[in-house]
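# Notes for the structure review
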Amino acid sequence: MAQSVATFSTRTSTTADDRSHASSSQHPSSSVSPSTIAPLRNDKHSSLSVAKKRSVDDPVKRFDAAVASRNDSSFFGRAQELHDLKAMYHRIMMGKTTNGHGRNVAADHDQDRSPCHFPAAFIWGLSGTGKSRLVEQFCDEVREKEDSAAAATAIQQQAKHEKDGDAASNPKPKPYIIQGKHDEHTGIADPFGAIIQAFTSFANQVVANEPPEEVACIRSLIKAALTDDGKSIIKIVPAFQKLLGADSTRNAEDASAVSNSSSTQSSLQYEQMVHGYDTLATDMAQNRLRYIFLSLIKAIATKERPLVLFLDDLQWSSNATMDLIQMVLMDKNLHGFFLVGTIRQDPNPHTNEVMEMDSNLPLSVMLRSLQEAALAAESATSTRRKGTPCWLDVHLSNMSLDDTRGFLASVLQQPAGEVAQLASDIHKNTSGNVYFILQLVQHIQANIMANDGDIGTGDTDAMMLASAKVRQGSSNDIVDLIASRIDRLSPKLRTALIVASHIQFEFDIGTLCIALHSLSVHIFDSVASFAQEERSPPSHQDKPITESEVEQLLEEAVLSGLLLHTIGTTIYKFSHDRIQQAAKTLVLGEDRGKLRYRLGLCLLGIYHSAQDSKEGDGNDPSRYEYCKQFDGSKNRSSSKFAPSQVVSTAQGSSLLFIAADHLNSIPSKHHLFNASLNTEVAQEATDLGALTSALKYCEVAFAELGKIRTPWKDHYDLTLRLHRVRADVELALGNFDVGCELVNEVCQNSRSVTDSIPTIISKSEALGRQSRGIDSIAVTLQPLQSTRMVPKRGVIWTIMKDLMWIKMYFRNHTDKEVLSLPLLTEPKYYVSMDLMNQVMAQAVQNGSVVTDWLICTMKSIRMTLKHGICKHSALAFTFLSILSLAQNDQQGAKRFADLAIAILRQTNSEGSGGFVYCVCAVTIYRWSEPFTKCLSLFRTAYYASMERGDLQNGFITMFTSIMYSYFDGYPVDKINRAMKMLIDEKELYKEKSNMCAIKHCGSGPSMLLGETPIDWEEFASFGDTVESIMAVDTSGNAEPITDEKEKLYPLIHGYCVRLWMCILFSNFAVGEILVNKLHKLNFQDDPSYELQTIVPMYTGLVAAGRYRETKQRTHLSMLRRMCKSTQKLWKTKGQSCMGRALIIRAEWKSLKTPAKDWRRVKLAYDMAIAVSTEGGEPFKSCGHAHEAALACELAGNYFVTVQQHGLAKQYFTSALHYYQKWGATVKIDHFKKQHRNNINWNRLRQLTVASMQSGVGSGGSVPVVRFIGRSNDAASDHDDDLAYSLLYEDSLQSSKPPHQVGGGGTSIDHGPGNKSVDGGGSSLDHDHADDDDDDVSVLSDMS
């Protein structure tokens, strides 16, 4: 026997003798389950008991039922392969795969093979070798094992709880096993058909089989992962509507009803305008679908209840499907997921050996990408053994003669000697192909039974007759053999199978009924020439076929082993793709072309009917132009099969892709129709993110449209739509030159600027993705200037005039009056505001000229106040709030930010407001609001961006959240873990923007934890060259830096992180170098809170340190300037930076106050510490515990210099306590070595115990945004609650300093307005706080 080989890293081989011995010793009964002859499998398909109840007159069916009723539990010849699959499954469930990245690897001493990089197994083999049957057996045994384990556990628990008198707990649930199959003809044309099919089965499985509490649990998990209540996944997989409930669609309907009832015509016009002009960017659509499926899988797959995804015939998959699968497999934070795929290999017609797979297939491309990722992971880590396999490969081959003999003996229940001759003849004819053997046995049995013989009873004459028939002329082509079997069926059944074979491998009975009813005149004419004369087709006057008749026909096919039926559903599928292929061959040549064309028109009509029913459009006559191409279709419009039946089939867009595949296969003179169809399909593929498929349909549409002389003149709308779609696709795929040519053609031929604006925006976004922000703004401004929406000259004067008008308007109108403005219904203003939004976003992200976004902001605000509100108004109000804050109008800034968020809610546009939420949090609310409110906005911004597919803004939001958490003093280890997970997610999505800035910020926590060494020489030379900036990116995933503008943000973040390290470790000389470099950058216009506050604080601290070292007054002057700067920020923009301002002020006082007045300095440090540790209202937004630790350390250093060693010891003890809570291990070790003799260790232990008892400390989770890379395993060994948890809704955990610091009865009171006690026990009143520079009475003013 050509051996089946199961490989991990290399293909292992076994001899035929070894395998025969293993097969006979482990599973002596059967080669492939006998039920494959008549596959009436288990409970999930039409049950065998149901088949037995029916009268079976056909001898073939009687034989099939007899064989199927025998032992179905045996499995022959694949014991080793089955064992390998189960072993791989259990390794995955135990977390022993690395997801291609060499991390989280558990030792595997019990297994002789290494764990794999990716949780996947691929079954290779020729058609008919039992690939799918092997996987089905694996799934059955996994289910049975889980059921047995659950039952045993339940019995043990029941006995225990009965003894203890407690209630028994629920048993462990069994895994979810879902399946999808790629179709040979529509697998690539229908980009996500198999994935949608698999998750449709998941939704149906949960609703049908799970208890209500489990359904509710899954529903809540999915809705938590997809914050739009699951509407996004319902749009892709309609079957999820049953699982997620009516609430998932009720919100939109209620909103629509409210809108229509409140503002009636205005709201309706606004919704129609938004629907007509708002199109999701093509690259966003692709990202959106990936995010939705990845989040869905993480929500439902856990170690406790794994998800096994079985995808059949991966060789026919599309690029889009393979890209999605690759992302899922490479996700480092995915647990409880196992992919099993089968891959058909083709035989070499000359040598009968297996041919190599085409290297250009999407599957081949994906496998190469996974191998490259695995090799990169191995080279990047030293803990991973080299040569670890990427996945499990199982290779199946045809059976040897001995195995064929044993298999037939098992199937026919006869001794091996009795079937030796028959086995020899069959093996010679079939080459040992399992499925071919089964079909040939059935074919021979049908002929022998006609002579009252039965090879299943051991009849010797029957055996000899069977051998003779094999030798005399049985076909050596399995497709011909099955086709001859189908051809002997009744005309109606034969017709039903032919039509079903042209629909899909898995089809819905409702779709088949409508197709048969509509095609009844034509299909029998096509089939008649292939049938015998006595089987003449019915006349055209026969009654149309009914649903009950179709169901009876299909059940007859199920009984014959041709189809499978999932009980409780209307879904049928062919039991093998060879059967589908054989049914197709019964109609050939011109007849098949006619059938495919008419069936394509029918399926297109079904799809449009379903869409109209969903949208509530009714029967729009313009949607059924295809009927004119179909003879007699108008006379059958009264079909009993309503479109609603098709809506429930959950086939979704698959019908559209199948229809297009049929219609494109036939040359047609209807060029306009073909162009329109392919444009529609290209748009659908674009919406699904299947860009390669979309481009294919665009090319077909262009070819058809090119056959029309003047398309722009005669068919303007269609031509414009097609050019828009293809331009979007080309730009998204990176074909920039081709895309720009299409954009220029649209601009030249469009009848108005409004028609060309969506395409201009696509070009602008493509330029932005190429880091060409200036060009992007220029492209966007051009149509605005040509329509005089934005002036070409006098821009500054216009800005000032509009700003004065806007200020006057808001003086005279309340927010309620602004929000009561009507909705914008003029398309020209709506698209103009869309363009202005594009300019504003690009100008801020690329550091462009301020006047660009200022003029667009002013014009957008005026347009909103004059013509009405739309969702684009929100961004304009956001930028107006930034402008107000720059003018120190804190109240106005908050007012406009509140209006921006209110406008998003009023226009139901929260889903597209991610950028608005993020900007408001970073630039407005962080100045004065508690950090938890900002985190809540970050959470909303993240979800809104990611579920829209805006990965760049989504990851920027995540980065900002983590960065703010780091600079606000949250536990370093969790910040470090969050940064790593963010980088992993960006690499997973291949999103390279801001990667250097992110890695520079991530290097700070890494150095504080000792993972990365602190290199002071690298600190001093950082930023001198581009190479020093890019050195942080060792993976090469960051975008190259090509100009000075692109260096800005990596430099700023790199300098800030290194400055903080210099301050912590008192290396002020290097800090001075970094400060000088930092202040040469042009970042003063950046409105973000962190840069505006930490830069002056770091500069002041470095200046104070350098003054102590050098006594140069220039450093003292710099400290003085920073002290005034931070105090101005605190007074004019918000109280959040008060703690940082007070630390600088305390440093100033420590240098200017005489040693005898140390109490005044002590009060200044105490106030800084109190505010930094969130000592109470009104300082709740100021908590930075790590800065409190630094203030304590600085205070301790000061008191050492003034000979107050008792106080110094108290402050040093408090500083170490805060550093320990912060978790900076390197700083803690450094601090202990430096101040070991000045720490009260007993008091430190008391503080640690008190902190643990109060629940405050390093164990708390950092409230940052949960992003898509979160671990989906609640019981994970890795405490990753930082990066994948939801934003914490509760308040920040208080980090209040202990009232008693130090021993000996000496205390320090950090609260403002209270008393402090010095080392000698004397009290110090606040009256000593008077200062001629900066009176601390401002604290009471803030109160």
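I will try to describe carefully the structure that is included in this document.

What follows concerns the overall build of the protein chain. Regarding its fold elements, the protein chain presents 58 helices and eleven strands. The buried share of the protein chain, taken over its 1343 residues, is 59%. Counting contacts in the protein chain only where the partners sit at least 6 residues apart, residues at least 24 apart contribute 75% of the total. When the accessible surface of the protein chain is totalled, it reaches about 53300 Å², and 50% of it is carbon and sulfur.

Strand order in this open sheet of three strands is β7-β9-β8, and the pairing throughout is antiparallel. Each of the sheet's edge strands pairs with one partner strand only, and the pair in question is β7 (506-508) and β8 (563-565). Strand-to-strand twist of the sheet, defined as the mean angle between neighbouring strand axes without regard to direction, takes the value 30 degrees. Looking at chain direction, β8 and strand β9 (residues 571-574) are connected through three bridges and run antiparallel. Bridged to H565 within β9 is Y572. Set on the sheet, helix α22 (residues 547-559) makes contact with β7, β8 and β9; between it and β8 the angle comes to about 110 degrees.

This part takes up helix α52 (residues 1158-1172). The terminal C-alpha atoms of α52, which comprises 15 residues, lie 21 Å apart, in line with the 21 Å expected from a rise of 1.5 Å per residue. Most of α52 is tucked away, with 13 of its 15 residues classed as buried.

Attention shifts here to the pattern of salt bridges. Summed over the entire model, instances satisfying the criterion amount to 37 salt bridges. A salt bridge links R726 to E730; its shortest N-O distance comes to 3.2 Å. A residue pair is termed a helical-turn pair when its members lie 3 or 4 positions apart in one helix, as R726 and E730 do in helix α30 (residues 716-732) at four residues. According to the relative accessible area criterion, R726 is buried, its value standing at 15%. On the accessibility criterion, E730 (4% relative accessible area) is buried. In this structure, E929 and K894 form a salt bridge, with 2.6 Å as the shortest nitrogen-oxygen distance. Separated by 35 residues along the polypeptide, E929 in the loop between α40 (914-923) and α41 (931-948) and K894 in helix α39 (residues 890-906) bring together distant segments of the chain. K894 gets classed as partly exposed once you look at its relative accessible area, which sits at 25%. It is possible to trace a salt-bridge network through shared partners that takes in K181, D312, D313, R344 and D577.

Another aspect to go through is helix α33 (residues 773-786). Residues spaced three or four apart along an α-helix face the same direction, because each turn holds 3.6 residues. Spanning 14 residues, α33 covers 20 Å between terminal C-alpha atoms, matching the ideal 20 Å at 1.5 Å per step. Three or more residues of α33 are buried, namely G773, S776, I777, T780, L781, P783 and L784. Phi turns positive, to about 65 degrees, at R788, one or two residues after α33.

Taken N-terminus to C-terminus, the directions of helix α20 (residues 491-503) and helix α23 (residues 577-585) make an angle of 115 degrees; their axes are 8 Å apart at the nearest point. Between α20 and α23, the angle is such that the two are roughly perpendicular. The handedness of the crossing between α20 and α23 comes out as left-handed. On α23, the residues that touch L497, I498, S501 and H502 of α20 are Q580, A583 and K584. Here the residues of the contact of α20 with α23 sort into three nonpolar, three polar and one charged.

The next thing to look at is the environment of I1143. You can see I1143 is positioned in helix α51 (residues 1138-1152). Sequence separation of I1143 and L1101 is 42 residues, and the distance between their C-alpha atoms is 8.7 Å. In contact with I1143, not counting residues within four places along its chain, are L1101, A1168, S1172, E1187, A1191 and L1194.

For D313, which is not a glycine, the phi torsion comes out positive at approximately 60 degrees. Note on placement: D313 falls in the loop between β4 (307-312) and α13 (319-330). Positive phi, normally seen in glycine, also occurs at Q1203, with a value near 65 degrees. When you line up the elements, Q1203 lands in the loop between α53 (1185-1201) and α54 (1205-1222).

Residues L392 and V394 point to one face of strand β6 (residues 392-395) and D393 and H395 to the other, with burial holding for every one of them. In terms of strand pairing, strand β2 (residues 120-126) meets β6 through four bridges, oriented parallel. Each residue of the ladder has a partner; that of I123, found in β6, is V394.

Before going further, it helps to spend a moment on the packing of aromatic side chains. All chains considered together, the criterion is met by 36 aromatic pairs. Arranged with centres 6.0 Å apart and planes meeting at 55 degrees, the rings of W712 and Y716 form a pair that is tilted. By the burial criterion, W712 is buried, and Y716 matches it. Between F810 and F896, the aromatic rings sit 4.9 Å apart at their centres with planes inclined by 75 degrees, giving edge-to-face as the arrangement. Highlighted residues: F810 in helix α34 (residues 795-812) and F896 in helix α39, separated in sequence by 86 residues. Among the residues examined, F810 registers a relative accessible area of 5% and is labelled buried. Over the ring of W805 we find R862, and its NZ or CZ is 4.3 Å from the ring centre.

One finds F122, F199, I233, F240, F293 and F810 to be the most contacted residues of the largest nonpolar core, which totals 322 residues. When sequence neighbours within four positions are dropped, the list of residues in contact with F240 reads F199, F202, A203, I222, I233, I234 and L296. Within the second largest apolar cluster, 22 residues are counted, among which are A121, L134, V135 and L396.

Here we take up the side chain of N1240. Among the secondary structure elements, N1240 is positioned in the loop between α55 (1225-1235) and α56 (1241-1253). A distance of 3.1 Å separates a polar atom in the side chain of N1240 from the backbone nitrogen of R1243.

What counts and what doesn't
- Residues numbered from 1 in each chain as written.
- Predicted model: local features only at pLDDT ≥ 70, side-chain atom pairs only at ≥ 80, totals over all residues.
- Heavy atoms only, no water.
- Helix = DSSP H or I, 4+ residues; strand = E, 2+ residues; numbered from the N terminus.
- Buried < 20%, exposed > 50% of the residue type's maximum accessible area, 1.4 Å probe, protein only.
- Contact = heavy atoms within 4.5 Å.
- Areas by Shrake-Rupley, 256 points an atom, 1.4 Å probe, with all protein chains shown as cover.
- Pairing = 2+ DSSP bridges.
- Axes fitted to C-alpha atoms, helices over the stretch in contact; angles between N-to-C directions.
- Expected span 1.5 Å × (residues − 1).
- Salt bridge = Lys/Arg side-chain N within 4 Å of Asp/Glu carboxyl O.
- Parallel < 35°, antiparallel > 145°, perpendicular 65-115°, else oblique.
- Left-handed = near helix turned anticlockwise from the far one by under 90°.
- Nonpolar A, V, L, I, M, F, W, Y, C, P; charged D, E, K, R; others polar.
- Phe/Tyr/Trp six-rings, centres within 6.5 Å; stacked < 30°, edge-to-face > 60°.
- Lys NZ or Arg CZ within 6 Å of the ring centre and 35° of its normal.
- Core = buried A, V, L, I, M, F, W, Y, C linked by side-chain atoms within 4.5 Å.
- Polar contact = N/O pair within 3.5 Å; in protein donor to acceptor, adjacent residues only side chain to side chain.

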